[in-house]
Amino acid sequence: MTAINLSGIQSISVPTDIKVGDEVTVLHDSKNPYQSPNEPALIVKHEGRPIGFIPVLSTIDRYIAQAREENNLKQYEYHSSRKAAASAVRYALENDMFRNHIIPIGKICRLQVDEDSGKVLSVSVMFNYM
């Protein structure tokens, strides 16, 4: 199993009825203006509702560069390992989606929710890839 923390949840109204173990699908968000030909926008949906995006490597590269400029070894290592994980997940998902024409299915494996507001702060999903 491979897990990844989703990006972009700050700009999405994530449904509060999601729970660990729920099934999700990954689709190409073809109308997303922020994607590039080399990094398609991969949106994760729960029952047809968006809950986040698979991180793009170019964004993580910017975080790595910032950590390097700030001489922040802890953040540099964190984002470097995050990039490695995102790269592996994106490769497998894109292969299934664009070569095999399969809609990838995963599961929510971790949620962080604000206890006061009930707002979803973080979502991680896992896929059956090794």
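These numbers come from a predicted model, not from an experiment. Per-chain numbering applies: the sequence of each chain, read as written, is numbered from 1 onward. Where totals are concerned, whole chains, interfaces and linings use all residues; where local detail is concerned, this predicted model gives features only for residues with pLDDT of at least 70, and gives and counts side-chain atom pairs only at 80 or more. Only hydrogens and water are set aside; all other atoms, that is, all heavy atoms of the structure, feed into the side-chain values.

Q: Can you tell me about helix H2 (residues 73-99), naming the residues and giving the values?
A: By definition, any uninterrupted DSSP run of H or I lasting at least four residues is a helix, any uninterrupted run of E lasting at least two residues is a strand, and each is numbered from the N terminus. Each residue after the first adds 1.5 Å to the expected span of a helix. Between the first and last C-alpha of H2 there are 38 Å, a value that for 27 residues agrees with the 39 Å anticipated at 1.5 Å per step. Here the term buried applies to any residue with accessible area under 20% of the maximum for its type, exposed to any over 50%, and partly exposed to those in between, with areas from a 1.4 Å probe on protein chains only. Those residues of H2 not exposed but buried are His79, Arg82, Ala86, Val89, Arg90, Ala92, Leu93, Asp96 and Met97. Whether two residues are in contact is decided by their heavy atoms, any of which lying within 4.5 Å being enough. For H2, the secondary structure elements touched by its buried residues are strand E1 (2-5), strand E2 (23-28), strand E3 (42-46), helix H1 (57-69) and strand E6 (120-127). Pairs of N or O atoms within 3.5 Å make up the polar contacts considered here, provided that, within protein, one atom can donate a hydrogen while the other can accept it, and that residues adjacent in sequence are counted only when both atoms are side-chain atoms. Where H2 starts, the residue carrying a side-chain oxygen 3.3 Å from the main-chain nitrogen of Lys74 turns out to be Asn72. Within two residues after H2, His101 carries a phi angle of roughly 55°, on the positive side.

Q: Which residues make up the sheet that holds E6, and what values do they have?
A: Two strands pair if DSSP finds at least two bridges between them. The sheet built from 6 strands is open, its strands ordered E1-E6-E5-E2-E3-E4 with antiparallel pairing. Both outer strands of the open sheet, E1 and strand E4 (49-53), are each paired with one neighbouring strand and no more. Ignoring strand direction, the axes of neighbouring strands in this sheet form an average angle of 40°. Strand direction decides the pairing type here: strand E5 (residues 105-113) and E6, joined by 6 bridges, are antiparallel. Residue pairing in the sheet places Arg110 in a bridge with Ser124 of E6. To get an axis, fit a line to the C-alpha atoms, keeping to the stretch in contact for a helix; angles then go from 0 to 180 degrees between the N-to-C directions.

Q: So what's going on with the pairing of E6? Residues and values would help.
A: Within E6, 6 of the 8 residues are buried, which leaves the element mostly enclosed by the surrounding structure. Pairing of E1 with E6, which is carried by 4 bridges, proceeds in the antiparallel orientation. Bridge pairing in E6 places Thr2 opposite Phe127. Adjacent in sequence and paired antiparallel, E5 and E6 are bridged by 6 residues, among which Gly118 carries a positive phi angle near 80°.

Q: Which residues make up the nonpolar core, and what values do they have?
A: Nonpolar cores were defined as sets of buried Ala, Val, Leu, Ile, Met, Phe, Trp, Tyr and Cys residues, with membership established by side-chain atoms within 4.5 Å. In this structure, Ile51, Ile54, Val125 and Phe127 are the most contacted members of the largest nonpolar core, which totals 28 residues. Contributing elements (two or more residues each) for this core: E2, E3, E4, H1, H2 and E6. Per-element tally for this core: the top contributor is H2, with 5 residues. Beyond its immediate stretch of four places on either side in the chain, Ile54 contacts Ile4, Leu6, Ser7, Val26, Leu42, Val44, Val89, Arg90, Leu93 and Phe127.

Q: Outline the environment of Asn32, listing residues and values.
A: Relative to the assigned elements, Asn32 resides in the loop between E2 and E3. The residues touching Asn32, leaving out its near neighbours within four places in the chain, are Ala41 and Phe53. At a separation of 2.8 Å, a polar atom in the side chain of Asn32 contacts the main-chain amide nitrogen of Tyr34.

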